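What follows is the residue order along each chain.
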Amino acid sequence: MLVVMDHRASEEDVEAVVQTIEEMGYEPEPIPGRQRTAIGVVGNDGYVDEDPFVALDGVREVIHVSRPYKQVSREWRPEETVIELPNGATIGGEGVTIMAGPCSVESEEQILEAARRVKRAGATVLRGGAFKPRTSPYSFQGLGEPGLELLARAREETGLAIVTEALDPSGVELVARYTDIIQIGARNMQNYSLLRAAGSAGKPVMLKRGISATLREWLLAAEYLLNEGESRVILCERGVRNFDDHARYLLDLTAVPSAKQETHLPVIADPSHGTGDRKKVPPMARAAVAAGADGLLVEVHPDPPHALSDGAQSLTPDRFDELMEELEAIAASIDRHLTPAVREAVEAAG
Ligand code: PEP
Ligand code: MN
């Protein structure tokens with residue numbers, strides 16, 4: 001339930017609502033807005049009686065949130081969440097944020113080269129896995145902490161922010177020490193102990209959609225993060241299992257407007273894992289921006305044929321340069337932009 005205050009409500013009025021919620025045994029969650037404050041009621045399992053609130057001064061209306069997910073819903077927070085990163089990059093709002101880099105961090109030379117090239121092309125966030133969730137235990141598992149150190153070095157040199165994956169609850173703290181955004185991979189979307197750990201690590205979280213997860217399950221997984229106190233959550237559509245084998249996964253672009261309709265959180269798309277094939281990445285990247293994605297996660301490798309993971313879907317830096325120009329034009333056609341203010345901040349930092 002949400003108690004929406006009148007724009008003339010005083011601090012005392014808000015405090016009275018907070019107290020009433022506490023007296024009822026629930027948790028108040030004030031949500032300050034540009035126009036007016038709302039106070040969410042957390043901790044209830046079912047319907048909450050609105051009578052104690054309607055008589056209080058300054059209360060404009062009481063809204064019963066009907067969605068199973070609460071804090072992620074637009075009913076709860078009508079204003080879009082815009083996440084600010086330490087390098088000035090933003091995710092959400094009007095800008096389209098491009099995160100790019102190799103699937104895995106492989107060496108200093110590789111990650112620095114990738115970072116320089118994606119930055120030059122206009123990306124503001126560098127991706128790269130140090131802990132890799134691989135289908136086979138015999139495949140490259142990532143460099144571990146040395147990989148995180150290399151990402152931090154790339155950030156220092158370029159001013160790019162970093163996104164990298166945490167694989168298990170015990171690894172969250174280590175990843176959070178280095179990264180600007182914690183990635184939760186598709187295979188882990190419903191790993192609730194991992195979600196709890198990530199949601200209390202103090203860093204923004206990018207939550208990939210599980211390969212067989214419904215929109216509802218995805219949003220409920222995000223709810224775990226907000227419920228731990230982390231409101232800076234990015235949803236990433238990365239393709240779902242398909243009955244056909246023409247592509248590795250089916251990038252569900254309808255999920256972008258569907259998710260955005262339901263949630264105030266930024267929604268981005270990953271055309272690399274979503275297609276599994278570098279030839280299909282640019283068309284689906286363009287389509288995702290046209291569909292309203294708030295950003296993209298794109299795999300770019302300086303030498304794709306020799307990549308230790310996901311080489312087949314990695315773009316060369318030259319192809320990424322071209323793609324960025326194409327994306328700029330598509331974003332402009334729907335009154336958006338590839339976060340130019342961010343680029344200036346990254347320029348200044350780097
Ligand atoms: C990745 O981003 O490299 C990755 C493993 O993604 P996903 O969890 O979507 O498979
Ligand atoms: Mn990958």
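In case you missed it, the structure is sitting above this.
This section reports on the structure supplied with the text. Quick caveat, the model's predicted, so the values are computed rather than measured.

## Focus on the pattern of salt bridges
When the charged atoms of two side chains with opposite charge come close together, those side chains can pair. Overall, the coordinates contain 24 salt bridges when judged by the stated rule. In this structure, the salt-bridge partner of Arg-209 is Glu-237, at a minimum N-O distance of 2.8 Å. Placement of the pair is Arg-209 in the loop between strand 11 (205–208) and helix 7 (215–227) and Glu-237 in strand 12 (residues 233–237), with a sequence separation of 28 residues. Glu-237 shares its class with Arg-209; the two are buried. For Arg-248, the salt bridge identified is with Asp-310, shortest N-O distance 3.3 Å. Placement of the pair is Arg-248 in the loop between strand 12 and helix 8 (255–262) and Asp-310 in the loop between strand 14 (295–299) and helix 11 (317–333), with a sequence separation of 62 residues. Ionic contacts of the salt-bridge type, sharing partners, join the residues Arg-286, Arg-319, Glu-322 and Glu-326 into one network.

## Looking at the coordination of the manganese ion (ligand 2)
At this site the manganese ion (ligand 2) is bound by Cys-103 (SG), His-273 (NE2), Glu-299 (OE) and Asp-310 (OD), with donor distances of 2.1 to 2.3 Å. Of note, the donors binding the manganese ion (ligand 2) are all from one chain and are spaced C-x169-H-x25-E-x10-D. With Cys-103 in the loop between strand 7 (97–101) and helix 3 (108–121) and Glu-299 in strand 14, this pair connects stretches of sequence that are 196 residues apart. For the pair formed by Cys-103 and Glu-299, the shared burial category is buried.

## Quick notes on the sheet that holds strand 2 (residues 27–31)
The strands making up a sheet associate through backbone hydrogen bonding, with each pair oriented either parallel or antiparallel. Read across the sheet, four strands follow the order 2-3-1-4 without closing on themselves; strand pairing throughout is antiparallel. Edge positions in the sheet fall to strand 2 and strand 4 (59–63), since each of these pairs with one other strand and no more. When strand polarity is set aside, the average angle formed by the axes of neighbouring strands in this sheet is 20°. With three bridges connecting them, strand 1 (residues 2–5) and strand 3 (residues 38–42) associate as antiparallel partners. Considered in strand 3, the bridge of Val-4 is made with Ala-38.

Rules behind the numbers
Per chain, residue numbering runs from 1 following the sequence as it is written. Here chains are named by letter from A upward and ligands by number from 1 upward, in the order in which they appear as written. Reporting in this predicted model follows two pLDDT cut-offs: at least 70 for local features of residues, and 80 or more for side-chain atom pairs to be given and counted; totals over whole chains, interfaces and linings ignore these cut-offs and use all residues. Processing note: side-chain calculations cover all non-hydrogen atoms of the structure and skip hydrogens and water entirely. When a carboxyl oxygen of Asp or Glu lies within 4 Å of a side-chain nitrogen of Lys or Arg, that pair is called a salt bridge. Strands here are runs of E lasting at least two residues and helices are runs of H or I lasting at least four, both read from the DSSP assignment and numbered beginning at the N terminus. Each residue gets one of three labels from its accessible area relative to the maximum for its type: buried under 20%, exposed over 50%, partly exposed in between, using a 1.4 Å probe on protein chains only. Metal donors: N, O and S atoms at distances within 2.8 Å, or within 3.2 Å for Na, K and Ca, with water omitted from the atom set so that some sites may seem incomplete. Any two strands with at least two DSSP-identified bridges between them are counted as paired. With axes taken as lines fitted to C-alpha atoms, and helix axes fitted only over the stretch in contact, angles between N-to-C directions fall between 0 and 180 degrees.

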